[in-house]
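These are the residues of each chain, in order.
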Amino acid sequence: MKITSYDGMLAALAPEGMPPFHVGILVGPGFVPMDIIGVQTVLAMMPGSQIHFIWKNHDVVEGFRSWPTVPTTTFETCPDLDVFAVGMNPPEVQNDPEVIAFTRKAAGRARFVIGVCNGVALLGSAGLIEGRTVASNFAAEQLLEELGAAKVLASGAGPAVDGNLYTAGPGIGSFEVALLVAADAFGRQAAELAEFAIEYDPHPPFRTGTVAAATPQMMDAARGMIGPIIAQYRR
């Protein structure tokens, strides 16, 4: 089926004839979709945008959970990128030497590098956060410091921008870093239009989404879930 109903909207957001703006998103088996959906949503609106889902091959990968995704390019065929982005992938992916080597190469050539949630740990494994300020998952602070981060922003402090490195916590963080990259790449007006087009204005119903707002019981439960994964990253 040929879809044409979006053509007018896309033409207004991203006029034809613009040079390509290559956005690469790592999608290993078990990747967390919410950590990359904001990157795909916002940057797909930018002029000349071409979105690449990157993995070792073109086999379908399943995001966590039940989110099948077809990689569109591989480590070998990926073009040079304007943006390299990674959200949380499981330790089996982030600890893979081939993945670390590709991340180092792709991010080293990119104009902008995005890390969301525990994807920042992969950037750290690739030597990309040393001496820099980052944001990530609340449970990963010590790990990121061990990987060389100079400072890890507290939960709820928002995204961190340090040079060409844009990092954030999970969930809405992917939208926030993407909007900041859009502003730096295309100007604030383009980013503001994208923010309004998606009506990005979070209203958390329970306001328990930060360490400061969570109860001790919530903290214990969350650490019980994420702690073993962080331990596997560390190993």
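You'll find the structure just up there.
Figured I'd write up the structure that's included with this text. (Residues numbered from 1 in each chain as written. Predicted model: local features only at pLDDT ≥ 70, side-chain atom pairs only at ≥ 80, totals over all residues. Heavy atoms only, no water.)

### Quick look at the packing of helix H7 (residues 173–186) against helix H8 (residues 188–197)
Formally: A fitted line through C-alpha atoms represents every axis, and for helices the fit uses only the stretch in contact; the resulting angles, taken between N-to-C directions, go from 0 to 180 degrees. To qualify as a helix, a DSSP run of H or I must reach at least 4 residues; to qualify as a strand, a run of E must reach at least 2; elements of each kind are numbered from the N terminus. Note: crossing handedness is left-handed where the near helix turns anticlockwise from the far helix by less than a right angle, and right-handed where it turns clockwise. Between two residues, a contact is recorded if the distance between any of their heavy atoms is within 4.5 Å. Amino acids outside the nonpolar list (Ala, Val, Leu, Ile, Met, Phe, Trp, Tyr, Cys, Pro) and the charged list (Asp, Glu, Lys, Arg) are all regarded as polar, and Gly is one of them.
Across the interface, H7 lies against H8 with an axial gap of 6 Å and an inter-helix angle of 145°. H8 is crossed by H7, and the crossing has right-handed handedness. Contacts between H7 and H8 involve Leu179, Ala182, Ala183 and Phe186 on the former and, on the latter, Arg188, Ala190, Ala191, Ala194 and Glu195. Looking at the contact of H7 with H8 residue by residue, the classes come out as seven nonpolar, no polar and two charged.

### Focus on the side chain of Gln94
What counts here: We call two N or O atoms a polar contact when they sit within 3.5 Å, provided that within protein one can donate a hydrogen and the other can accept it, with sequence-adjacent residues counted only if both atoms are side-chain atoms.
Here Gln94 lies in helix H3 (residues 91–94). Looking at Gln94, its side chain comes within polar contact range of the main-chain nitrogen of Asn89, at 2.9 Å. The residues contacting Gln94, other than those within four sequence positions of it, are Gly87, Met88, Asn89, Ile100, Asn118, Gly119, Ala121, Leu122 and Tyr233.

### Considerations on the packing of aromatic side chains
Threshold: Whether two aromatic rings pair depends on their centres lying within 6.5 Å, for rings of Phe, Tyr and Trp, where Trp uses its six-membered ring; planes under 30 degrees apart make the pair stacked, over 60 edge-to-face, and the rest tilted. Burial classes: relative accessible area under 20% of the type maximum marks a residue as buried, over 50% as exposed, and values in between as partly exposed (1.4 Å probe, protein chains only).
In total, this model carries six aromatic pairs according to the counting rule given. Taking the centre distance of 6.1 Å and the plane angle of 70° together, the rings of Phe84 and Phe102 count as edge-to-face. With Phe84 in strand E6 (residues 83–86) and Phe102 in helix H4 (residues 97–109), this pair connects stretches of sequence that are 18 residues apart. In this structure, Phe84 and Phe102 share a single accessibility class: buried. Summarising the aromatic geometry, the rings of Phe175 and Tyr200 are spaced 5.7 Å apart at their centres and angled 20° between planes, so their arrangement reads as stacked. Here the residue Phe175 occupies a position in helix H7, and Tyr200 occupies one in the loop between H8 and helix H9 (216–234), the gap between them amounting to 25 residues. On the basis of relative accessibility, which here comes to 19%, the residue Phe175 falls in the buried class. We classify Tyr200 as buried; its relative accessible area is 17%. Linked through ring pairs, Trp55, Phe75, Phe84 and Phe102 together constitute an aromatic cluster.

### Quick look at the layout of surface pockets
Selection rule: A pocket, in this scheme, is an open set of points on a 1 Å grid over the protein atoms alone with protein on both sides within 12 Å along at least 5 of 7 lines, while a cavity is a set where a 1.4 Å probe fits but cannot get out; residues line either one if an atom lies within 4 Å of a point. Grid points are joined across faces, edges and corners, and a volume is the space filled by probe spheres set on the points.
Computed from the structure, the largest pocket encloses a volume of approximately 1300 Å³. Around the largest pocket, the lining is made up of 45 residues, and of these Asn137, Gly169, Pro170, Gly171 and Gly209 lie nearest the centre. Mapped by element, the contributors of at least two residues to the lining of the largest pocket are H7 and H9. Per element, the largest residue contribution to the lining of the largest pocket is six residues, and it comes from H9. Residues belonging to the lining of the largest pocket are distributed by class as follows: 28 nonpolar, 14 polar and three charged.

What is shown is where atoms sit, not what they do.
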